[in-house]
Amino acid sequence: MAKEYDLVVLGGGTGGYVAAIRASQLGMQVAVVEKSELGGTCLNRGCIPSKSLLRSAEVFKQTKEANEYGVEASDITLNFAKVQERKNRIIKTLQQGVHGLMKKGKIDVYEGFGRILGPSIFSPMPGTISIEYENGDENTMLVPKNVLIATGSRPRSLPGLELDGEIVMSSDEALNMNELPSSMIIVGGGVIGIEWASMLSDFGVDVTVIEYMDYILPTEDEVIAKEVEKQLKKKGVHVVKGAKVLPDKLQKEKGVTVEAEINHHNETFSADRMLVSVGREAVTSNIGLQNTDIVIDKGFIQTNDFYQTKESHIYAIGDVIGGMQLAHVASHEGIVAVEHMADRNPLPLDYDTIPSCIYANPEAASVGLTEKQAIDQGFDTKIGKFPFKAIGKALVHGESGGFVKIIADKKTEDLLGVHMVGPHVTDMISEAGLAKVLDATPWEIAHSVHPHPTLSEVMGEAAMAVEGNQIHG
Ligand code: FAD
């Protein structure tokens, strides 16, 4: 028996379930097909669990340093089982929340593996969804007017470097370690690798990051990446750059040993465990794309600005289309896609206005162009930079490292990019995102009064610094 819907969403991650809610608000009959857990990577294996562990690491580190604040604490120990319990509780609470939202939106959730079929007795167009169940129940058929592919991504490894899930892990397994290793090699100094390096180091693990490029955090402005590296090194993280890990030189005896080629010679690194964080690949296999005209390029589904694939009634959003692989990006792409299906004339997303964040200690956050990108695109730039060490609240917090850097166009005064490193910048970057959306100039940011004493004053000062008018520096 086939059931008809206005929209079937394939994958109930952050992109998929948010799109389903918006579609239901717009009056569509919606179903979500999810093979694992609603909430996808972000809730179950990504943003939320990693931030929960990062927070525990931060509390552990701060408690050890409590004497500096006049709070005398001794015999501070870490109960990692409790750290994991707390993380799992948070996941459970949020999972229940998503299930509640599906119920509220009268969205049908099918817990099985969805696949797109070609033209069939159900529909002359590709897009009928067949659902397979793990328990062997008979397949369900859904016949939608529109399909939204939101199947996300999974960790990838280096060619020849096999993830065994125990000694050599991806972030999926690392999040569920029962106990902390005493040392960890992290292959890849991108966002996920650097968050793990910071967290493990704050938990007291001896961490070595091995990065292929000559710098870590390749998507960030150079000065931000350098500041993060400086602060990581200060807390004892070994950062090895320009190093090519050689998978055929991997040995797993009493932990893990691997060689890396650095400047034409090989160096050996050993640790208890290895975490491979070299990027994520789109989940496109086995979902029936061969039954459609959908185009894949470099592993990612290709779409137009409204996320329509070559089959105009089949849309795709989130990690499966590549680009900024972030949870808030996936959900906003989902909203645009669904509003387009409903003829609501949505505006395409402007990716230059979307913040991205690194939740390491120190945090980093950015929106818009890096200085190099701005110069490469031919802009004549002017820069305002202001350090946290001149902000009273940062000293009160005991976290006064880092700064804000604002890049503006000399000719038009337009804001080109904002880059932050330091305390709570992942919460403060939204002001820069709003400024970009509203096309604000640095003068307008400075004219908006920032309350005192707050960390946000750094943004007002950096905006004034674009014209050299900063007050406290
Ligand atoms: P996913 O969340 O991956 O969801 C896809 C869903 O589709 C999954 O639930 C999967 O089970 C399901 N699915 C796949 N195939 C099928 C099928 N055939 N049938 C049925 N269901 C299927 N982003 C941030 O913005 N902030 C962060 O702090 C952050 N931290 C991260 C930390 C880590 C360790 C990782 C790995 C990622 C992090 N991300 C973060 C990235 C973020 O998790 C992803 O960008 C986001 O989850 C993408 O959402 P999505 O809906 O596209 O895909």
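Not measured: the values here are computed from a predicted model.

By the criterion of burial, strand β23 (residues 403–409) is predominantly enclosed, with 7 of the 7 residues buried. Pairing analysis gives 7 bridges linking strand β22 (residues 381–387) to β23, with the strands arranged antiparallel. When the sheet's bridge partners are listed, isoleucine 383 is paired in β23 with isoleucine 407. Bridge count between β23 and strand β24 (residues 415–422): 6 bridges; the pairing is antiparallel.

The next subject is the domain arrangement of the protein chain. It is common to give the size of an interface as the accessible area that goes away when the parts come together. The domain boundaries assigned to the protein chain delineate domain 1 (3–154 + 281–351), domain 2 (157–278) and domain 3 (362–465). Between the C-alpha centres of domain 1 and domain 3 there is a distance of 31 Å.

Taken together, the side chains of Tyr212, Met213 and Tyr215 define a hydrophobic patch exposed on the protein surface, amounting to about 330 Å² of accessible area. The topology assignment puts tyrosine 212 in the loop between β10 (206–210) and α7 (222–234).

In this section: the site of the ligand. The immediate surroundings of the ligand are formed by 38 residues, with Gly15, Glu34, Thr41, Lys51 and Ala327 found nearest. Residue glycine 15 places a main-chain N or O atom 2.8 Å away from an oxygen atom belonging to the ligand. Here an oxygen atom of the ligand sits 2.6 Å away from a polar atom, N or O, in the side chain of glutamate 34. For the ligand, the accessible surface in isolation is 1000 Å², of which the surrounding protein chains cover 96%. At the level of elements, α1 (14–25), α2 (40–45), α3 (47–64), β4 (113–117) and α8 (327–341) are the ones that each hand at least two residues to the shell around the ligand. No other element matches the 4 residues that α2 contributes to the shell around the ligand. Looking at the shell around the ligand residue by residue, the class counts come to 12 nonpolar, 19 polar and 7 charged.

What follows is about the packing of aromatic side chains. For the coordinates displayed, the defined rule picks out 2 aromatic pairs. When the ring of tyrosine 5 is compared with that of tyrosine 110, the centres are 6.3 Å apart and the planes differ by 85°; the resulting orientation is edge-to-face. In this pair, tyrosine 5 sits in strand β1 (residues 2–10) while tyrosine 110 sits in strand β3 (residues 108–110), placing the two residues 105 residues apart along the sequence. Neither residue differs from the other here; tyrosine 5 and tyrosine 110 are each classed as buried. For the pair phenylalanine 80 and phenylalanine 203, a centre-to-centre distance of 5.7 Å together with 90° between the ring planes defines the contact as edge-to-face. Of this pair, phenylalanine 80 sits in helix α4 (residues 80–104) while phenylalanine 203 sits in the loop between α6 (191–202) and β10, and the two are 123 residues apart along the sequence. Here phenylalanine 203 falls in the buried class, since its relative accessible area comes to 6%.

A few words on the layout of surface pockets. Space inside the second largest pocket adds up to approximately 920 Å³. In terms of lining residues, the second largest pocket is bounded by 31 residues, among which Glu58, Lys61, Asn361, Pro362 and Glu399 are the most central. Counting only elements with at least two residues in the lining of the second largest pocket, the list comes to α3, α7 and α11 (425–437). Each residue belonging to the lining of the second largest pocket can be placed in one class, and the counts come to 6 nonpolar, 11 polar and 14 charged.

As a further point, take helix α13 (residues 457–465). Along an α-helix, residues three or four positions apart point the same way, because every turn accommodates 3.6 residues. Burial within α13 is extensive, with 8 of its 9 residues counted as buried. Within α13, the full set of buried residues consists of Glu457, Val458, Met459, Gly460, Glu461, Ala462, Ala463 and Ala465. Next to the buried residues of α13 lie β22, β23, β24, α11 and α12 (442–447).

This part covers the packing of α1 against α8. As a packed pair, α1 and α8 sit with axes 8 Å apart at the nearest point and diverge in direction by 35°. Here the hand of the crossing between α1 and α8 comes out right-handed. Together, Thr14, Gly15, Val18, Ala19, Arg22 and Ala23 of α1 and Ala327, Ala330, Ser331, Gly334, Ile335, Val338 and Glu339 of α8 make up the contact between the two elements. Among the residues forming the contact of α1 with α8, the class breakdown is 7 nonpolar, 4 polar and 2 charged.

A few words on unusual backbone geometry. Keep in mind that most residues, glycine aside, have a negative phi and that most peptide bonds are trans. Cis rather than trans, the peptide bond between asparagine 361 and proline 362 has omega equal to 15°. Secondary-structure assignment places proline 362 in the loop between β20 (356–358) and β21 (363–368). Here the residue pair histidine 452 and proline 453 is connected by a cis peptide bond, since its omega of -5° sits within 30 degrees of zero. You can see proline 453 is positioned in the loop between α12 and α13. Even without a glycine there, the phi angle at asparagine 263 is positive, about 45°. On the secondary structure map, asparagine 263 appears in the loop between β13 (256–262) and β14 (265–271).

Here we take up the sheet that holds strand β11 (residues 238–240). Strand order in the open sheet formed by 5 strands is β8-β15-β9-β10-β11, with parallel pairing between adjacent strands. With partners counted over all chains shown, the strands left at the sheet margins are β8 (168–169) and β11, one partner each. Here β10 runs beside β11; their pairing, made up of 3 bridges, is parallel. Residue pairing across strands places threonine 208 opposite histidine 238, the latter belonging to β11.

With 13 residues, α11 should reach 18 Å at 1.5 Å per residue; the first-to-last C-alpha distance of 19 Å fits that figure. Taken together, the buried positions of α11 are occupied by Val425, Thr426, Met428, Ile429, Ala432, Gly433, Ala435 and Lys436. Check the buried side of α11 and you find it contacts β20, β21, β24, α12 and α13. Trailing α11 by a residue or two, aspartate 439 shows a phi angle of about 60°, which is positive.

Strand order in the open sheet formed by 5 strands is β20-β21-β24-β23-β22, and the pairing between neighbours is antiparallel. Edge positions in the sheet fall to β20 and β22, since each of these pairs with one other strand and no more. Put simply, the sheet's adjacent strands are angled 10° from each other on average, direction ignored. Here α11 sits on the sheet in contact with β20, β21 and β24, set at roughly 10° to β21. Against the sheet, α13 touches β22, β23 and β24, its axis set at about 145° to β22.

How each quantity is defined
Residues numbered from 1 in each chain as written. Predicted model: local features only at pLDDT ≥ 70, side-chain atom pairs only at ≥ 80, totals over all residues. Heavy atoms only, no water. Buried < 20%, exposed > 50% of the residue type's maximum accessible area, 1.4 Å probe, protein only. Helix = DSSP H or I, 4+ residues; strand = E, 2+ residues; numbered from the N terminus. Pairing = 2+ DSSP bridges. Domains from an automatic or database assignment. Patch = residues over 30% accessible without salt bridge, like charges linked within 9 Å, V, L, I, M, F, W, Y side chains within 5 Å. Areas by Shrake-Rupley, 256 points an atom, 1.4 Å probe, with all protein chains shown as cover. Salt bridge = Lys/Arg side-chain N within 4 Å of Asp/Glu carboxyl O. Near = heavy atom within 4 Å. Polar contact = N/O pair within 3.5 Å; in protein donor to acceptor, adjacent residues only side chain to side chain. Nonpolar A, V, L, I, M, F, W, Y, C, P; charged D, E, K, R; others polar. Phe/Tyr/Trp six-rings, centres within 6.5 Å; stacked < 30°, edge-to-face > 60°. 1 Å grid on protein atoms, 1.4 Å probe; cavity = no way out; pocket = protein on both sides within 12 Å on 5 of 7 lines; lining within 4 Å. Points joined across faces, edges and corners; volume = space filled by probe spheres on them. Contact = heavy atoms within 4.5 Å. Axes fitted to C-alpha atoms, helices over the stretch in contact; angles between N-to-C directions. Left-handed = near helix turned anticlockwise from the far one by under 90°. Expected span 1.5 Å × (residues − 1).

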